[in-house]
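Secondary and tertiary structure notes
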Amino acid sequence: MGVADSGVVRNGQAAPDLLVAGAGVAGLWLTVKAARAGLSVLLVEPGNPGGGASGGFLGALMPHSPERWNGKKEFQFQALVELEDEIARLESETGTFCGYRRVGRILPLTTERGRAAALDQIADARTNWGDRFRYEVHHAPVRSGWPDMLRAPHGVVHETLSARLSPPGLIMALLASLAAMPNVDLRLGAGVADIAPDEHKARLSDGSTVSYGHLALANGVDAFPLIARAAGLPAGSLGGGVKGQAALLDARASPDLPLVYDDGVYVIVHENGHVAVGSTSERAFDDPVGTDGHLDEIVKRARKLCPVIKHAPEIRRWAGVRPRAIGRDPMLGPVPGAPDVLAMAGGFKISFGIAHRMADCLVAGIAGTAGPEIPQSFSVSHHAAKAAAKTANG
Ligand SMILES: Cc1cc2nc3c(=O)[nH]c(=O)nc-3n(C[C@H](O)[C@H](O)[C@H](O)COP(=O)(O)OP(=O)(O)OC[C@H]3O[C@@H](n4cnc5c(N)ncnc54)[C@H](O)[C@@H]3O)c2cc1C
């Protein structure tokens, strides 16, 4: 059954229940979850699925710090807990390996103040993460040289909630899942160019027009201008992109090693022993996909941090542009004034850990079923208010 055989009838033509723009990690999870719920879905993607910001290889799934708990932190925590089962289901349905493992994370402590703050967070973690995950402060790294003692003069935090997955593995699994679903159509080579929310119609970049029941804008950094237009706001007001660069090393490291994170540098061992190292955070850039000396600096710092990778040969470099909403939190839910247009954008640095739960929220909203609560700070109107305040303050 393709979308022409199901869904709602609008403007005299069969329309998918849900038109999804963008086949990155956000749009793919949404398509899979909506199709599992019985909705007919048309997913449109102008480039390659997973060819945007989701095309990297880091795959860190790291929680926010456990203190000053709020709706965003709770949402992400629940998402990180659920992801283990979500991945297990996806792998068993598709036979595609996602390279997921809950390896935990080490945070080197470089100052006495940092150590004192970390000790305070032990109680916060117990309160907010519960008994299943540990958050401990040690005098020395749990595994020798991971990281180097010299880089952790005040000890380390070791927490057991963090995990990692293989981004290409997950993208392949999601594509395999939706390919097997009769109520999904994937249209490549065309994106959403314009929307007429009152008519429930979208014009695609190939010149065709598609009617829809709901439209989800899950097209990464390019979602913000479309969301703004649907909300009647200036194009650049709701968010933009932050470039990141990463490198992959052939380190033959042990895949059970925890992630190491220190002041913007991530070191992540994957199942095949390759080690992903990242990431730069660049607000201003000319070339969104080029790599340069900023990455050299990150790799240098990572090699110092973890001597195991000191001489590991570099096998790949990559850059992408992370979608970051104006209010910093993800942007999720109906667009004010156009309630059948849904935002699913702004996952910034945590999309791989939360996209499945963001999808659950939208699918529940469309299907009228119970779903996870969307934090108020994720709403488009919250972000629009932030944008207005920013304009007012010059
Ligand atoms: C160096 C780096 C390291 C990162 N590390 C991590 C990490 O360790 N953990 C983590 O969780 N996150 C990480 N991120 C962030 C994460 O990769 C992104 O937040 C995530 O990929 C965003 O997914 P997305 O689906 O929203 O957007 P994208 O992956 O960019 O997908 C959007 C898709 O929409 C398509 N599109 C564009 N315009 C249109 C249109 N008009 N109509 C239809 N489709 C359109 C694009 O072609 C693209 O395929 C990292 C990012 C970078 C750059």
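Structural data are supplied above this passage.
Our subject in this report is the structure included herewith. Model, not experiment: these values are computed from the prediction.

For the pair helix α1 (residues 25-36) and helix α4 (residues 167-179), interaxial distance at closest approach is 9 Å and the crossing angle is 35°. Where α1 crosses over α4, the handedness of that crossing is left-handed. Contact residues: α1 offers V25, L28, W29, T31 and V32, while α4 offers L170, I171, L174, L175, S177 and L178.

The next subject is helix α2 (residues 71-94). Taking 1.5 Å per residue, 24 residues should reach 34 Å; α2 reaches 33 Å between its end C-alpha atoms and fits that length. The sharpest bend along α2 reaches about 35° and sits at E82. Along α2, the residues that are buried comprise K72, K73, F75, Q76, F77, A79, L80, L83, E86, I87 and L90. Each element contacted by the buried residues of α2 is listed here: α1, β5 (60-61), α3 (112-129), α4, β20 (331-335) and α7 (351-367). For α2, the N-terminal cap is N70; the gap from its side-chain oxygen to the backbone nitrogen of K72 is 3.1 Å.

With 12 residues, α1 should reach 16 Å at 1.5 Å per residue; the first-to-last C-alpha distance of 17 Å fits that figure. Counting buried positions over the 12 residues of α1 gives 11, a clear majority of the element. G38 sits one or two residues past α1 and shows a positive phi near 95°.

As a further point, take the pairing of strand β3 (residues 18-21). A regular strand places its side chains so that they alternate between the two faces of the sheet. Residues L18 and V20 line one face of β3 and the alternating positions L19 and A21 line the opposite face, and both faces are buried. Pairing of β3 with strand β4 (residues 41-45), which is carried by four bridges, proceeds in the parallel orientation. Residue L19 lies in a different strand from β4, and its bridge partner there is L42. In the classification by handedness, the crossover that spans β3, the intervening α1 and the parallel β4 is right-handed. Bridging between β3 and strand β14 (residues 214-217) involves four bridges; their strand directions are parallel.

With respect to spatial proximity, 35 residues lie near the ligand, and among them E45, S54, A60, F348 and S351 are the closest. Within the backbone of F348, a nitrogen or oxygen atom sits 2.6 Å from an oxygen atom of the ligand. F352 has a polar backbone atom sitting 2.9 Å from an oxygen atom of the ligand. For the ligand, whose free accessible area comes to 990 Å², the fraction covered by protein is 92%. Of all the secondary structure elements, the ones that give two or more residues to the shell around the ligand are α1, β4, β15 (239-250), β19 (314-325) and α7. Residue composition of the shell around the ligand, by class: 15 nonpolar, 16 polar and four charged.

Turning next to unusual backbone geometry. Look at the link from W146 to P147: it is a cis peptide, with omega at 5°. Its location among the elements puts P147 in the loop between β7 (135-138) and β8 (156-159). Of note in the backbone geometry, R68 takes a positive phi value of approximately 45° without being a glycine. Structurally, the position occupied by R68 is in the loop between β5 and α2. Backbone geometry at H200 places phi at a positive 55°, although glycine is not the residue there.

Quick notes on the rules
Residues numbered from 1 in each chain as written. Predicted model: local features only at pLDDT ≥ 70, side-chain atom pairs only at ≥ 80, totals over all residues. Heavy atoms only, no water. Axes fitted to C-alpha atoms, helices over the stretch in contact; angles between N-to-C directions. Helix = DSSP H or I, 4+ residues; strand = E, 2+ residues; numbered from the N terminus. Left-handed = near helix turned anticlockwise from the far one by under 90°. Contact = heavy atoms within 4.5 Å. Expected span 1.5 Å × (residues − 1). Bend = angle between axes of the 7 residues up to and from the residue. Buried < 20%, exposed > 50% of the residue type's maximum accessible area, 1.4 Å probe, protein only. Polar contact = N/O pair within 3.5 Å; in protein donor to acceptor, adjacent residues only side chain to side chain. Pairing = 2+ DSSP bridges. Right-handed = clockwise from strand over helix to strand, strands pointing away. Near = heavy atom within 4 Å. Areas by Shrake-Rupley, 256 points an atom, 1.4 Å probe, with all protein chains shown as cover. Nonpolar A, V, L, I, M, F, W, Y, C, P; charged D, E, K, R; others polar.

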